[in-house]
Amino acid sequence: MRLAIVCALLATALAAQKVHELCAPCHTAPAEDFLTHTHAAKGLSCDACHGKSQVHIQAAGGQAPDRVAGPAEQPALCGACHSEQRKTYETGKHAKLVAARSKVRAPACTTCHGTHARRTPVSMTAQCRRFNETLPASCDAKPGQTTAKVACANCHQPHTLAFNKAAP
């Protein structure tokens, strides 16, 4: 009887914990990174993207989490909350390559935005260079006053990366 009460109390205490607190002991760096992300500031936790993952937690990592979104799954997962960005992204050539699981490397959501911590504008540009080794010198320009923080937006639309009409 006492064991049942202890187990019930323990289960209640674990259920009250935020999921990232359950994940942090084994996934220290991703959990710390996530705490810097705007998603964490809005009250989201690991389960928002990875599911409750109870089997993973109970198996001490011996089983995969419920969900680990690869590039082809990211537009649907991220787009569940970011629907306008998903609609825009899906009209671009990168999305078509990702959806087709093309052998040509193409960016999905986390490529530019990061996985557990948001990418800085400098690291976004570095990611771009990993996919596009020969970028024109204009890609090194500082972002314009009316564009996003990333220089890519000087010439490209965010999410589709189509050229702006005013681009050189």
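Scroll up for the structure.
All of these numbers come straight from a predicted model, not from anything done at the bench.

(A) Local environment of the overall build of the protein. For the protein, the count of helices and strands is eleven helices and zero strands. Across the protein, helices and strands are ordered from the amino to the carboxyl terminus as α-α-α-α-α-α-α-α-α-α-α. For the protein, the share of sequence-separated contacts (at least 6 apart) that also reach a separation of at least 24 residues comes to 39%. Entry remark: accessible area of the protein is about 11,600 Å², with carbon and sulfur atoms responsible for 62%.

(B) Fine view of helix α11 (residues 121-131). Among all positions in α11, only Met124, Thr125 and Gln127 are buried. The arc that holds every buried residue of α11, seen down its axis, measures 155°, which confines them to one face. Contact partners of the buried residues in α11: α10 (109-113).

(C) Expanded view of the nonpolar core. Core analysis: the biggest nonpolar cluster contains five residues, these being Tyr89, Ala95, Val98, Ala106 and Ala108. When near neighbours in sequence (up to four residues on either side) are disregarded, Ala106 contacts His94, Leu97, Val98 and Phe131.

(D) The pattern of salt bridges, seen in detail. As enumerated under the stated definition, the model contains four salt bridges in all. Lys87 is the partner of Glu84 in a salt bridge, and the nearest nitrogen-oxygen pair spans 3.4 Å. Placement of the pair is Glu84 and Lys87 together in helix α8 (residues 83-89), with a separation of three residues, close to one helical turn. On the basis of relative accessible area, Lys87 is assigned to the exposed category, the value being 52%. Taking the shortest distance from any N to any O, the salt bridge between Arg86 and Glu90 comes out at 2.9 Å.

(E) Region of interest: unusual backbone geometry. Positive phi, normally seen in glycine, also occurs at Ser53, with a value near 50°. Counting through the fold element by element, Ser53 comes out in the loop between α5 (47-50) and α6 (54-58). The exposure class of Ser53 is buried, given its relative accessible area of 5%.

(F) Focus on the state of the cysteines. All chains considered together, the criterion is met by zero disulfides. Looking at Cys112, it has no disulfide partner, and the nearest cysteine sulfur is the one in Cys128, 6.4 Å off.

(G) Geometry of the side chain of Gln74. Examined against the element boundaries, Gln74 turns out to sit in helix α7 (residues 74-79). Dropping the residues within four chain positions of it, Gln74 is found in contact with Ala69, Gly79, Ala108, Cys109 and Thr110.

(H) Layout of the side chain of Gln127. Positionally, Gln127 belongs in helix α11. In this structure the side chain of Gln127 is engaged in a polar contact, spanning 3.3 Å, whose partner is the backbone oxygen of Thr111. Of the polar contacts made by the side chain of Gln127, one reaches the side chain of Arg130; its length is 3.0 Å. Among residues more than four places away in sequence, those in contact with Gln127 are Thr111 and Arg119.

Calculation notes
- Residues numbered from 1 in each chain as written.
- Predicted model: local features only at pLDDT ≥ 70, side-chain atom pairs only at ≥ 80, totals over all residues.
- Heavy atoms only, no water.
- Helix = DSSP H or I, 4+ residues; strand = E, 2+ residues; numbered from the N terminus.
- Contact = heavy atoms within 4.5 Å.
- Areas by Shrake-Rupley, 256 points an atom, 1.4 Å probe, with all protein chains shown as cover.
- Buried < 20%, exposed > 50% of the residue type's maximum accessible area, 1.4 Å probe, protein only.
- Arc of directions from axis to C-beta.
- Core = buried A, V, L, I, M, F, W, Y, C linked by side-chain atoms within 4.5 Å.
- Salt bridge = Lys/Arg side-chain N within 4 Å of Asp/Glu carboxyl O.
- Disulfide = S-S within 2.5 Å.
- Polar contact = N/O pair within 3.5 Å; in protein donor to acceptor, adjacent residues only side chain to side chain.

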